[in-house]
Amino acid sequence: MMTFTTAAILGIDVLIFQKNMVSIAGQDAWISLLLGGFLAIIIASITYYLATLHPNKDLPQITLHLCGKLIGRLLLFPIIVYALLYAGFSLIIFAHALKLFILDRTPILAIVFLMSLVIAYAVYHGIFTIGALLDILFPLGKITIIALIMLSLSISNS
């Protein structure tokens, strides 16, 4: 799950922050994305380590346990705001990408509404729903990548 989350965060960062990074850093924007990716992996590793130390608790419970009730809640508030904003940005970006490439005549509100229902269903039924979906999508993605490689090889040999 940590790998899935980190890959999703890096993918969204490439779509969201690329224009801002290029305007500030110029041609060296890839360094910023690389450092941000490493920082995300380090934070995810620390979170994973804390989760292994406290196996029956989630992140808010661990934070409250380690920092106390008052400081823990003060630390959790920006995390909650960040997570909600990040989820909203991710949802809107993915909906715009779907509208641009696949569902060009569908209103964006309908796409966001249906995606919200799917997300709510996955959250309600837990990680096993996401795992089952990945079990289905992984072979399809692998077949697509192999087909693209084979098509490019046939074109390059000509």
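Residues numbered from 1 in each chain as written. Predicted model: local features only at pLDDT ≥ 70, side-chain atom pairs only at ≥ 80, totals over all residues. Heavy atoms only, no water.

A. Quick look at the overall build of the chain. A count of helices and strands for the chain gives seven helices and zero strands. Taken across its 158 residues, the chain has 13% of its residues classed as buried. The contacts of the chain with a sequence gap of at least 6 include a subset with a gap of at least 24, amounting to 33%. Of the accessible surface of the chain, which amounts to about 12,600 Å², a share of 77% is contributed by carbon and sulfur atoms. (Helix = DSSP H or I, 4+ residues; strand = E, 2+ residues; numbered from the N terminus. Buried < 20%, exposed > 50% of the residue type's maximum accessible area, 1.4 Å probe, protein only. Contact = heavy atoms within 4.5 Å. Areas by Shrake-Rupley, 256 points an atom, 1.4 Å probe, with all protein chains shown as cover.)

B. Looking closely at the nonpolar core. Grouped together as the largest cluster of nonpolar side chains are six residues: Leu91, Ala95, Leu98, Ile111, Val112 and Met115. Counting residues per element, the ones that place at least two in this core are helix H5 (69–101) and helix H6 (108–125). (Core = buried A, V, L, I, M, F, W, Y, C linked by side-chain atoms within 4.5 Å.)

C. Highlighting the side chain of His54. Take His54: it is sitting in the loop between helix H3 (29–53) and helix H4 (59–67). The residues touching His54, leaving out its near neighbours within four places in the chain, are Ile62, His65 and Leu66.

D. View of H3. With 25 residues, H3 extends 36 Å between its outermost C-alpha atoms, agreeing within 8% with the 36 Å of an ideal straight helix rising 1.5 Å per residue. Of all the positions in H3, only Ala29, Gly37 and Ala44 are classed as buried. (Expected span 1.5 Å × (residues − 1).)

E. The packing of H4 against H5, seen in detail. Contact geometry for H4 and H5: axes closest at 7 Å, N-to-C directions at 140°. The angle between H4 and H5 places the two elements in the oblique class. The handedness of the crossing between H4 and H5 comes out as right-handed. Of H5, the residues touching H4 (which contributes Pro60, Thr63, Leu64 and Cys67) are Lys69, Ile71, Gly72, Arg73, Leu75 and Leu76. Residue composition of the contact of H4 with H5, grouped by class: six nonpolar, two polar and two charged. (Axes fitted to C-alpha atoms, helices over the stretch in contact; angles between N-to-C directions. Parallel < 35°, antiparallel > 145°, perpendicular 65-115°, else oblique. Left-handed = near helix turned anticlockwise from the far one by under 90°. Nonpolar A, V, L, I, M, F, W, Y, C, P; charged D, E, K, R; others polar.)

F. The arrangement of the confidence of the model for the chain in detail. Mean pLDDT over the chain: 80, with 84% of residues reaching 70 or higher. Across the chain, the secondary-structure element scoring lowest on mean pLDDT is helix H1 (residues 2–16), at 61, and the one scoring highest is H4, at 88. (pLDDT = per-residue confidence, 0-100.)

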